[in-house]
Every structure is written in structure tokens, then in C-alpha cells.
Protein chains: 2
Amino acid sequence: MDKKTIQELIDRYVSVSFVVNKKAESLLKCQIGEDLTTDQHYILSYIQQSHECTSSELAEAFDVNKSAITAIINRIADRGLIERTRDENDRRVVYLTLSDKGKKLHQKTQEKVHLLVESFITQFDETEITNFINTYEKLALILTNMKKDEEGDNS
Amino acid sequence: MDKKTIQELIDRYVSVSFVVNKKAESLLKCQIGEDLTTDQHYILSYIQQSHECTSSELAEAFDVNKSAITAIINRIADRGLIERTRDENDRRVVYLTLSDKGKKLHQKTQEKVHLLVESFITQFDETEITNFINTYEKLALILTNMKKDEEGDNS
DNA sequence: GTGAATAGTTTAACAGTTTAACTAATTTTA
DNA sequence: TAAAATTAGTTAAACTGTTAAACTATTCAC
């Protein structure tokens, strides 16, 4: 790739990722905003999908400090959406699980998220959107590895 | 597309966009976090690229209320990075421009952002990344129109 | 058994957000 | 043309998410 092409691609990427992020975030908030913040929704999704979820695991997945997770967890636990149970063998560890109320609310918001994503994904033909997501997944892998390398620097 | 394919694509999209957003945000913060928050950087970028930028314009571009913009603008104006000048013809309007200090700082962070984006974009071959960005831009257009339609509902 | 490491919480401070009320200026309209 | 409605932007209060640093409680290593 020549320099000029690269510069153009960089500019286009920065610009388009900004717009997509802002608009998607905003549309998502319109859908689920009365029930949950988007971060709270993602936290519930993560807890539901994992078997034994801990704060440390969430902190790593969300790329934030553990205290940020504690704050979010406190808010949704106060609303009775999740439960904390201590590990019997290692009493430092706290497992997070969804309560029935949490499961119901998450299912409701999850459906809304799916409908939203469906409404724009189905505007592409199958080949185009599949190729797009394939490349997007490669990008996710690259970024995850860059992040790991960077953390490796602190050794 | 059959239902099963669509469901799978939705799940993959939700998952991968989450990971990319979190990791990219986190890498970006590592690069420019000592100088500016990412939102502040994007605000400076927007002001620099536009000729006569106002708070209302920023609020629309960032999909937030005007008071959110006022708060951000206040913080970077307190640091002497931008200047406010009132329109002579319509004295309600305030134009935002970068100060010299703001321009310099923005250039510095902009370079770091470009290097970061370059470092992962150049890991793809030209055809793949170009196709990806093309589809990404279509998506941006779709989301922008969805957002507009939704606002039209309030009529 | 003592010292180091680990899991999680608390606290203080800050950035970004919304809603509602507000000021000041301009436009509409009756 | 004077009153009413609209527009641009700010302020204030309340909330969510974030970090850094100090802290508790527990477990691990030697």
C-alpha cells in the first residue's frame, strides 16, 4: 500500500468508526435506556453467558479497573438484578449471577438490542455483511493482541 | 437470509463490536490520555475541520444534549485550548475555534491517533480493508438515517 | 509463621450525561 | 409594532462511569 492510500484509509476509518459508535450508542440508549444503561446491559450479558463470573474477569473483559466494576455491580445489585456469592474454597472470590428479576430484565433488553441490530444488518446482502464481520473479527483479534503486548511492557 | 444465519450474524456483530470498541477506546486512552480524553480529542478534531463550529452543531454530531457540549467546552476552554466568539449578526450564536495552543495539542494527539490506527490497518491487505471500510461507511449512513427517522417520529 | 500476592471494596476526585429551569436574542404573528 | 413563540447557549442538580490510592480479608510461598 502506498503512503497516500494508507493516509486516506486511516482518515476514513477514524471518521466512520466515530459516527457508527455515536449513532449506535444513541440508538441503543433509545431502545433500552429506561431499563438499563448500555454498560449495565453488557455487564448482565457477560454474567449470563459466563458460568462463574467474577469482578476481576469483568474488569479484564471491559478493560477498566476493578473499582469501576464494583461501582456498576453495586448499582445493579441494589436493584436486585444480580447476586453475589462467595467461593467456599477461596473466600476472597465473589461469584456474580443473575437473579430471576435480572434474567427477565436482561432478556427484555436483549430482545430489543437484537431487533435493533437485525434492522440494519438485514439491509446488507449476506455476502457483504459476512465479509464485513469476518474482517471485524480479525480486527478484534489484532486489537486484543496489541492490548496484551502493551500490558507485557510493564514487566 | 434464513433466520438462523441472521441470528448468528447478530450475535457475532454484537460481540465483535463490543470488543473492538472497548479495546480501541482503551488503546486510544493509553496514547493520548495524559493530554486529552478521547471525547475532548474528537471535539477538537471536529472544531478544526469545520469552518464555523457551534455548540448546537457539536451536539448534533455527537448525539448528545447541548449542555453536555457546554460542559466539555468549558473544560477545554479553561485550559486555553479553544476560543469563543459571538456572531455579530446573531448574538445568540457562539463560534468555537482552536487557539494556537489548542492547534498544537490537537496536532500532537492527532499524530498519535493516526499511528495507532495505521498500526492495525496495515496488518490487512488493501482489498480487504478497503472493502471493510466501504461497508462500514454504508453502515454509518444507515444508522444516521435511522436516527433521523426516529427524530422525525416526534412530530 | 511471616511476608508477598490476590480479590475485592471504599473513598475522593473528575469527565460526561440528562433534565429542567434559566438568560438573552431573534423571529413570528396577530 | 408589541406580544408570543422560538432559538442558542448556560447553569444547576443528579446520576453513571472512570481512575488512583488506600484499605480489608484471604491465600500462597518459603
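What you see is a predicted model; the values in this text were computed from it and never measured.

Cut-offs and rules
- Residues numbered from 1 in each chain as written.
- Chains lettered and ligands numbered in written order.
- Predicted model: local features only at pLDDT ≥ 70, side-chain atom pairs only at ≥ 80, totals over all residues.
- Heavy atoms only, no water.
- Contact = heavy atoms within 4.5 Å.
- Buried area = accessible area lost by both parts, 1.4 Å probe.
- Salt bridge = Lys/Arg side-chain N within 4 Å of Asp/Glu carboxyl O.
- Domains from an automatic or database assignment.
- Helix = DSSP H or I, 4+ residues; strand = E, 2+ residues; numbered from the N terminus.
- Buried < 20%, exposed > 50% of the residue type's maximum accessible area, 1.4 Å probe, protein only.
- Least-squares fit on C-alpha atoms with pLDDT ≥ 70 in both.
- Core = buried A, V, L, I, M, F, W, Y, C linked by side-chain atoms within 4.5 Å.
- Near = heavy atom within 4 Å.
- Polar contact = N/O pair within 3.5 Å; in protein donor to acceptor, adjacent residues only side chain to side chain.
- Nonpolar A, V, L, I, M, F, W, Y, C, P; charged D, E, K, R; others polar.
- Phe/Tyr/Trp six-rings, centres within 6.5 Å; stacked < 30°, edge-to-face > 60°.
- Axes fitted to C-alpha atoms, helices over the stretch in contact; angles between N-to-C directions.
- Parallel < 35°, antiparallel > 145°, perpendicular 65-115°, else oblique.
- Left-handed = near helix turned anticlockwise from the far one by under 90°.

1. Brief notes about the interface of chain A and chain B
(1) Moving on: Counting residues at the interface gives 59 residues for chain A and 59 residues for chain B.
(2) Moving on: Around 6,300 Å² of area is buried between chain A and chain B when both sides are counted, 71% of it from carbon and sulfur atoms.
(3) Moving on: If you sort the residues of chain A by the area they bury against chain B, Y13(A), F132(A) and Y136(A) come out on top, with a joint share of 11%.
(4) Moving on: Along the contact surface separating chain A from chain B lie eight salt bridges.

2. Quick word on the domain arrangement of chain A
(1) Moving on: Here chain A is partitioned into domain 1 (30–116) and domain 2 (124–155).
(2) Moving on: Using only C-alpha atoms to locate each centre, domain 1 of chain A and domain 2 of chain A end up separated by 24 Å.

3. Quick notes on the pattern of salt bridges
(1) Moving on: Applying the stated criterion to the full structure yields 16 salt bridges over all chains.
(2) Moving on: Between R12(A) and E137(B) there is a salt bridge whose closest N-O contact spans 2.8 Å. You can see R12(A) sitting in helix α1 (residues 3–32) and its partner E137(B) sitting in helix α6 (residues 126–153), one on each of two chains.
(3) Moving on: The exposure class of E137(B) is partly exposed, given its relative accessible area of 28%.
(4) Moving on: Across the salt bridge formed by D39(A) and K22(B), the nearest N and O atoms sit 3.2 Å from each other.

4. What about the relation of the copies chain A and chain B?
(1) Moving on: Superposition record for chain A on chain B: RMSD 0.0 Å, screw rotation 180 degrees, translation along axis 0.0 Å. Seen this way, the second copy is the image of the first under a two-fold rotation axis. Across chain A, the smallest distance between a C-alpha and the rotation axis is recorded for F132(A), namely 2.7 Å.
(2) Moving on: An overlap of 100% is found between the interface residues of chain A and their copies at the interface of chain B, pointing to a shared contact surface.

5. Here we look at the nonpolar core
Here is a general trend for soluble globular proteins: nonpolar side chains tend to be buried in one another's company.
(1) Moving on: Core analysis: the biggest nonpolar cluster contains 49 residues, and Y13(A), F120(A) and Y13(B) have the highest contact counts within it.
(2) Moving on: Top element by residues in this core is helix α1 (residues 3–32) of chain B. It accounts for 10 residues.
(3) Moving on: Once residues within four sequence positions are removed from consideration, F120(A) is found in contact with Y13(B), L139(B), I142(B), L143(B) and M146(B).
(4) Moving on: Counting 19 residues, the second-largest nonpolar core is a separate cluster that includes I43(B), L44(B), I47(B) and A59(B).

6. Topic: the protein's contact with DNA strand C
(1) Moving on: Around DNA strand C sit 26 residues in total, of which S56(A), R84(A), T37(B), N65(B) and S67(B) are the nearest.
(2) Moving on: Within the side chain of K66(A), a nitrogen or oxygen atom sits 3.2 Å from a base nitrogen of DNA strand C.
(3) Moving on: Here N65(B) contributes a backbone N or O atom positioned 2.8 Å from a phosphate oxygen of DNA strand C.
(4) Moving on: Among the elements of the structure, α3 (55–62) and α4 (66–78) of chain A together with α2 (38–49) and α4 (66–78) of chain B are those that each provide at least two residues to the surface near DNA strand C.
(5) Moving on: The element that contributes the greatest number of residues to the surface near DNA strand C is α4(B), accounting for five residues.
(6) Moving on: Grouping the amino acids of the surface near DNA strand C by side-chain chemistry returns six nonpolar, 11 polar and nine charged.

7. Focus: the packing of aromatic side chains
(1) Moving on: Under the defined criterion, the tally for this structure stands at 16 aromatic pairs over all chains.
(2) Moving on: Residues Y13(A) and Y136(B) carry aromatic rings whose centres are separated by 6.1 Å and whose planes lie at 50 degrees to one another, so their mutual orientation is tilted. Remark: Y136(B) occurs in helix α6 and Y13(A) occurs in helix α1; the pair is interchain, linking two chains. In this structure, Y13(A) and Y136(B) share a single accessibility class: buried.
(3) Moving on: A network of ring pairs unites the aromatic residues Y13(A), F120(A), F132(A), Y136(A), Y13(B), F120(B), F132(B) and Y136(B) as a single cluster.

8. With respect to the packing of α1(A) against helix α5 (residues 100–121) of chain A
Residue and element names in this part refer to chain A.
(1) Moving on: Packing of α1 against α5 leaves a shortest axis separation of 9 Å and a crossing angle of 140 degrees. One finds that α1 runs oblique with respect to α5. Classified by chirality, the crossing of α5 by α1 is right-handed. Across the interface between the two elements, L27, L28, Q31 and I32 of α1 pack against T109, K112, V113 and L116 of α5.
(2) Moving on: In the contact of α1 with α5, the residues fall into five nonpolar, two polar and one charged.

9. Observations concerning unusual backbone geometry
All names here are of chain A.
(1) Moving on: With a phi close to 55 degrees, D63 is a non-glycine residue in the positive phi region.
(2) Moving on: For D63, the location among the structural elements is in the loop between α3 and α4.
(3) Moving on: By relative accessible area, which is 18% here, D63 ends up buried.

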